[in-house]
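Coordinates in review
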Amino acid sequence: MSSTTRDVSHLSDISKSISEPDGSFNRKPSVFRNFVEKGGAFAPEKGRYHLYVSYACPWATRTLIVRKIKGLEEFIDVSVVSPRMGAHGWPFANVDAFPGADADPLFGAEHVKDLYMRVNPDYEGRFTVPILWDKKTSAIVNNESSEIIRMFNTAFNDQLPSDKAAIDLYPEALRGEIDGINEWVYDTVNNGVYKSGFATSQKAYEAAVVPLFESLDRLEKILTGKDYLVGDQLTEADIRLFVTIVRFDPVYVGHFKCNIRTIRDGYPAIDLWMRKLYWNNSAFSSTCNFEHIKTHYYWSHPQINPHRVVPVGPIPNILPLHHHHHH
Ligand SMILES: N[C@@H](CCC(=O)N[C@@H](CS)C(=O)NCC(=O)O)C(=O)O
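Residues numbered from 1 in each chain as written. Predicted model: local features only at pLDDT ≥ 70, side-chain atom pairs only at ≥ 80, totals over all residues. Heavy atoms only, no water.

Attention now goes to the overall build of the protein chain. The secondary structure content of the protein chain amounts to 13 helices and four strands. Taking 327 residues into account, the globule formula puts the C-alpha radius of gyration at 20 Å, and the protein chain, at 19 Å, falls close to it. The 327 residues of the protein chain split such that 54% are buried. Put simply, 70% of the contacts in the protein chain that link residues at least 6 apart link residues at least 24 apart. (Helix = DSSP H or I, 4+ residues; strand = E, 2+ residues; numbered from the N terminus. Rg over C-alpha atoms; globule rule 2.2 N^0.38 Å. Buried < 20%, exposed > 50% of the residue type's maximum accessible area, 1.4 Å probe, protein only. Contact = heavy atoms within 4.5 Å.)

Structural data, given as structure tokens:
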């Protein structure tokens, strides 16, 4: 069957296939797991790779943040999809114009799924962003954000100016601690908000939302009086957590029912840590598009929000750096 006639709506339409028999949400592992590395099939060449992202997606935004921090803008071009993920999945701007969204410059694809089908017409996974695309062999190098940020951290160092090459977001000496934090933050926070929001039973929802807030309590203690999660420096652990926390009050509190507390009122240390990253480092603010974020979630999950009404608040989406609580 050709890629144009095969019905893949069970894979592209997120409202059709997301919960397990017990009502819980089970995220499947990413499929493309190659590495850009010297001597490998995917060599670190300037201009060879293309990054497909959504500003709405926390996983994709990790890769945008690391791309900026490492100064890889000239090495890796980016295309941003429209935030309105519908029955065909993520659309490009040529079929769904939205401020800040792009058309696909490589193939004029209409949807992200077309890229997956081009690589493998029998693909059975989800059509997710981010995608790191190899223009030389027309292949998907990798579609797992945690691995893409590891590549960006080191693969191009030889070709970068020394100040950028020296930036290490996964330093040898801190790896144990970073891995340890990543593990429970991924399960209960990054993915915990999705498990909470996509749950279709009371039991599955509570089994996600309670551990989520226990982890936020734990993070609040870790971040009290500190600017970074691990050691005294910015690491990938901060980046991986930031993308979830910055979406929390604008989206997850309402849309995903993560409403035991808000970040701004319930977690002052987490909130300050987030505001410092956002307001002091343009890698965080320039890759954060609240229009895409809010539109995406409230529009794209009709099983949760069938009328697609996007709430007006919170105002502001993120508090200023210097801000006094009113008591
Ligand atoms: N484990 C992947 C997850 C990526 C992912 O799930 N992206 C979502 C957007 S936030 C997506 O594209 N979903 C489309 C779908 O599942 O149909 C990663 O970290 O890269």
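On we go.
Further remarks concern the side chain of Ser-82. When you line up the elements, Ser-82 lands in the loop between strand E2 (76-80) and helix H3 (112-119). On the basis of relative accessibility, which here comes to 0%, the residue Ser-82 falls in the buried class. Among the polar contacts listed, one links the side chain of Ser-82 to the backbone nitrogen of Arg-84, at a separation of 3.2 Å. Discounting chain neighbours no more than four positions away, the residues touching Ser-82 are Trp-90, Pro-91, Asp-96, Phe-98 and Ala-101. (Polar contact = N/O pair within 3.5 Å; in protein donor to acceptor, adjacent residues only side chain to side chain.)

Right, let's talk about the site of the ligand for a bit. With respect to spatial proximity, 17 residues lie near the ligand, and among them Cys-57, Trp-90, Arg-126, Glu-144 and Ser-145 are the closest. Within the side chain of Arg-27, a nitrogen or oxygen atom sits 2.8 Å from an oxygen atom of the ligand. Arg-126 places a side-chain nitrogen or oxygen 2.6 Å from an oxygen atom of the ligand. Look at the ligand: alone it shows 510 Å² of surface, and the protein chains cover 93% of it. Residue classes in the shell around the ligand are distributed as 10 nonpolar, four polar and three charged. (Near = heavy atom within 4 Å. Areas by Shrake-Rupley, 256 points an atom, 1.4 Å probe, with all protein chains shown as cover. Nonpolar A, V, L, I, M, F, W, Y, C, P; charged D, E, K, R; others polar.)

Turning our attention to the side chain of Asn-191. Mapped onto the elements of the fold, Asn-191 is located in the loop between helix H6 (175-190) and helix H7 (192-198). Owing to a relative accessible area of 5%, Asn-191 belongs among the buried residues under this scheme. Once residues lying within four places of it in the same chain are set aside, the contact partners of Asn-191 are Phe-25, Arg-27, Trp-59 and Tyr-186.

Considering all chains together, one arrives at 15 salt bridges under this definition. Residue Arg-48 is joined to Glu-45 by a salt bridge in which the shortest nitrogen-to-oxygen separation is 3.2 Å. Overall, Arg-48 belongs to the buried group, its relative accessible area being 8%. Asp-134 serves as the salt-bridge partner of Arg-48, at 2.7 Å between the closest nitrogen and oxygen. Placement of the pair is Arg-48 in the loop between helix H1 (9-12) and strand E1 (49-53) and Asp-134 in strand E3 (residues 131-134), with a sequence separation of 86 residues. Residue Asp-134 is classed as buried on the basis of its relative accessible area of 0%. (Salt bridge = Lys/Arg side-chain N within 4 Å of Asp/Glu carboxyl O.)

With 16 residues, H6 extends only 19 Å from end C-alpha to end C-alpha; this falls clearly short of the ideal 22 Å at 1.5 Å per step. Packing partners of the buried residues in H6 comprise helix H2 (58-69), helix H4 (145-154), H7, helix H8 (202-223) and helix H9 (236-252). (Expected span 1.5 Å × (residues − 1).)

In this structure, E1 lies alongside E2, joined through five bridges in parallel fashion. Directly across from His-50, in E2, lies its bridge partner Asp-77. Handedness of the crossover joining E1 and E2 through H2: right-handed. (Pairing = 2+ DSSP bridges. Right-handed = clockwise from strand over helix to strand, strands pointing away.)

Here we come to the UniProt feature "binding site: glutathione" (unreviewed entry) in the protein chain. Those places that UniProt annotates as "binding site: glutathione" (unreviewed entry) correspond, in this numbering, to Trp-90, Arg-126, Phe-127, Thr-128, Val-129, Glu-144 and Ser-145. What makes Trp-90 buried here is its relative accessible area of 5%. Tracing the chain through its elements places Thr-128 in the loop between H3 and E3. Residues contacting Thr-128, with those up to four places away along its chain left out, are Val-112, Tyr-116 and Asn-143. (UniProt positions renumbered as here; feature names shortened; annotations may be inferred.)

Another point: the packing of aromatic side chains. Ring pairs (aromatic) are described by centroid distance and by the angle formed between their planes. According to the stated counting rule, one finds 27 aromatic pairs in the structure shown. Consider the rings of Tyr-52 and Phe-92, whose centres lie 5.7 Å apart with planes at 70°: the pair is edge-to-face. Here Phe-92 lies in the loop between E2 and H3 and Tyr-52 lies in strand E1, a separation of 40 residues in the sequence. Taking the centre distance of 5.8 Å and the plane angle of 75° together, the rings of Phe-213 and Phe-248 count as edge-to-face. With a gap of 35 residues between them, Phe-213 in helix H8 and Phe-248 in helix H9 connect regions that are remote in the sequence. What makes Phe-213 buried here is its relative accessible area of 3%. Residue Phe-248 is classed as buried on the basis of its relative accessible area of 0%. The ring of Tyr-194 has Arg-27 sitting right over it, with the charged end atom 4.7 Å from the ring centre. The ring of Trp-184 is capped by Arg-218, whose NZ or CZ atom sits 3.9 Å from the centre of that ring. (Phe/Tyr/Trp six-rings, centres within 6.5 Å; stacked < 30°, edge-to-face > 60°. Lys NZ or Arg CZ within 6 Å of the ring centre and 35° of its normal.)

So, about the domain arrangement of the protein chain. The domain boundaries assigned to the protein chain delineate domain 1 (8-166) and domain 2 (174-300). With centres defined by C-alpha atoms, the gap from domain 1 to domain 2 works out at 21 Å. Opposite the 34 residues of domain 1 that make contact, domain 2 presents 33 residues. When domain 1 packs against domain 2, the two sides together hide about 2800 Å² of surface, and 66% of this comes from carbon and sulfur. A per-residue breakdown of the area domain 1 buries against domain 2 is headed by Phe-25, Tyr-55 and Ile-65, which together make up 20% of the total. Linking domain 1 to domain 2 there are two salt bridges. For the interface between domain 1 and domain 2, the tally reads 11 residue pairs in polar contact (both at pLDDT 80 or more). Counting only elements with at least two residues in the side of domain 1 that touches domain 2, the list comes to H2 and H4. Element by element, the count of residues in the side of domain 1 that touches domain 2 is highest for H2, at nine residues. (Domains from an automatic or database assignment. Buried area = accessible area lost by both parts, 1.4 Å probe.)

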